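# Descriptive structure summary
Residues per chain are reported as follows:
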Amino acid sequence: MERGPLIFSASIGNGHNQAAKALQVEFQNKGYQPEIIDTFYSLSPALHKFMLTSYVNLLKVGPRIWKKIYFQAEKYPLFLFLDQFATFFVESLHATVKSNRCSFLVSTHPFVTAFLVRLKSKKQLNLPLYTVITDFVLHPAYLRPEIDGYFTSDPNFTDFAKLNNVSDDRFFPTGIPIPNLESIDQPKWKVRNDLGLDPQRKVLIIAGGGIGLTNYAQVIRALECLPEPIQLLCMIGHNYQVKEKISRIKSKHELKVIEFTDKFLLYLKASDAILSKAGGLTMAESLVCETPIIIHQPVPGHEEHNAKFLIDAGAALRVKGSKEIPTTIKRVLYEEACFGPMIENARKLKKPNASNEIVEQMLLLVKEQQHAFR
């Protein structure tokens, strides 16, 4: 098998790793043997802990600060401070790239992209660098002259490129890469049966991303006033501490606590709706499964952009407080005039073949570049 690319991700929000794994599988299907690098952990476990802890604490304790940074960075190049910080790790990163003898670089995390950009600049690397954007809306912080291709879900990439004086031929509207599961094409009743779910009772996912960032207890209590018992799937990701708290809740609904699982797509397929923050991978997977989305407490900044994009497209609704949850859930679960258009709009937006399209386009770009240098 050919070595192909190195795929750089980061365990800061699980969606970036899922995107990396989806791309890895597609490269393998085409005869390549790419390796996924958990970038910050690979450079230094202490660096990884610092980046992860800082990010999570910022979201939990100071979400308004993150929001201000995110939107300020649309006007001012605050993100270049990350490039400067990356300078300290150029040598270690260069050693990783050299030892793997890869033919190009792929990034699935914007923080990682900044590190790779610094590497290319400092070491004058000729290797192509492609960034896969796991949100639905482009942001100026993604832009660097060292990046050879941007793979995005944003349909307005041409306007974005013009606004930021960048050639739009570096943008490819492929969608967000998600794992390819042939089994999601099965009927809902069959998937429910395989997962041990009651096919006669409504199913709602409560999700908080890989980190499990949601107030599960608050949501469950808010749903007690629904007219009939339903099945609540609490997808807690890696937030194992919340498992015991949920088990102590007395509810008329059937509660299932599900830790991080590679069957998430199947649970989405089996469900009538998902209540979640607006992480890019979760939203893309929900669209592919044509599962109506209720957005609750999105992370300020990038997830707010995701939320607006999906709401404007008619594939999602948003609840702004716990008091709105039962009314909105009831509409989505029981009113065809509500969930019907949401399913239809998800069908229009979904891009189940994004992983394959991204890989094919990257290989074509690399081939064109190799011919250009001959």
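Thresholds applied
Residues numbered from 1 in each chain as written. Predicted model: local features only at pLDDT ≥ 70, side-chain atom pairs only at ≥ 80, totals over all residues. Heavy atoms only, no water. Pairing = 2+ DSSP bridges. Helix = DSSP H or I, 4+ residues; strand = E, 2+ residues; numbered from the N terminus. Contact = heavy atoms within 4.5 Å. Axes fitted to C-alpha atoms, helices over the stretch in contact; angles between N-to-C directions. Buried < 20%, exposed > 50% of the residue type's maximum accessible area, 1.4 Å probe, protein only. Lys, Arg positive; Asp, Glu negative; His and termini not counted. Salt bridge = Lys/Arg side-chain N within 4 Å of Asp/Glu carboxyl O. Expected span 1.5 Å × (residues − 1). Core = buried A, V, L, I, M, F, W, Y, C linked by side-chain atoms within 4.5 Å. Parallel < 35°, antiparallel > 145°, perpendicular 65-115°, else oblique. Nonpolar A, V, L, I, M, F, W, Y, C, P; charged D, E, K, R; others polar.

### A look at the pairing of strand β2 (residues 35-38)
Taken together, the 4 bridges between strand β1 (residues 5-9) and β2 define a ladder with parallel strand orientation. Paired with I7 across the bridge in β2 is I36.

### Overview of the sheet that holds strand β3 (residues 104-107)
Reading across from one edge, β2-β1-β3-β4-β5-β6 is the order of the 6 strands in this open sheet, with parallel pairing throughout. Pairing within the sheet leaves two strands with one partner each, and these edge strands are β2 and β6 (171-172). On the sheet, helix α1 (residues 14-29) packs against β1, β2, β3 and β4 (129-132) and is oriented at approximately 165° with respect to β1. Sitting on the sheet, helix α6 (residues 90-100) touches β1, β2 and β3, and the angle it makes with β1 is about 145°.

### A look at unusual backbone geometry
Most peptide bonds take the trans configuration, and most residues that are not glycine carry a negative phi. Phi is positive for R101, close to 45°, though the residue is something other than glycine. As for its placement among the helices and strands, R101 is situated in the loop between α6 and β3. For R101, a relative accessible area of 66% translates into the label exposed. Of note in the backbone geometry, N165 takes a positive phi value of approximately 55° without being a glycine. On the basis of relative accessible area, N165 is assigned to the exposed category, the value being 73%.

### Concerning the side chain of K269
Summarising the element assignment, K269 is placed in helix α12 (residues 264-270). One buried charge, K269, has no salt-bridge partner; the nearest side chain with opposite charge is D185, at 5.9 Å. Dropping the residues within four chain positions of it, K269 is found in contact with I184, Q186, K188, V191, C289 and T291.

### A short note on α1
For α1, built from 16 residues, the straight-helix expectation of 22 Å at 1.5 Å per residue is met to within 8% by its first-to-last C-alpha distance of 23 Å. Buried residues of α1: N14, H16, N17, Q18, A19, A20, A22, L23, Q24, E26 and F27, and no others. Downstream of α1 by a residue or two, G31 has a phi angle that is positive, lying close to 90°.

### Concerning the nonpolar core
F8, F40, V97, L105, F115, L116 and F171 are the most contacted members of the largest nonpolar core, which totals 41 residues. Ranked by the residues each element gives to this core, the list is headed by helix α7 (residues 110-123), at 6 residues. Not counting residues within four places of it along the chain, the set of residues in contact with F115 comprises F40, L43, L47, L82, F85, A86, F89 and L93. Among the nonpolar cores identified, the runner-up in size contains 37 residues, and L233, I258, V288 and L310 belong to it.

### Section: helix α16 (residues 336-349)
For α16, with 14 residues, the first-to-last C-alpha span of 20 Å sits near the 20 Å given by 1.5 Å per residue. Contact partners of the buried residues in α16: α13 (280-288), β11 (293-296), β12 (316-319) and α15 (325-334).

### Examining the packing of α6 against α7
The packing of two helices is summarised by the inter-axis angle and the distance between the axes. Packing of α6 against α7 leaves a shortest axis separation of 10 Å and a crossing angle of 85°. Here α6 is positioned roughly perpendicular relative to α7, judged by the angle of their axes. Between α6 and α7, the contacting residues are V90, E91, L93, H94 and V97 on the first element and F115, L116, R118, L119, K122 and K123 on the second. Classifying every residue of the contact of α6 with α7 by side-chain character gives 6 nonpolar, 1 polar and 4 charged.

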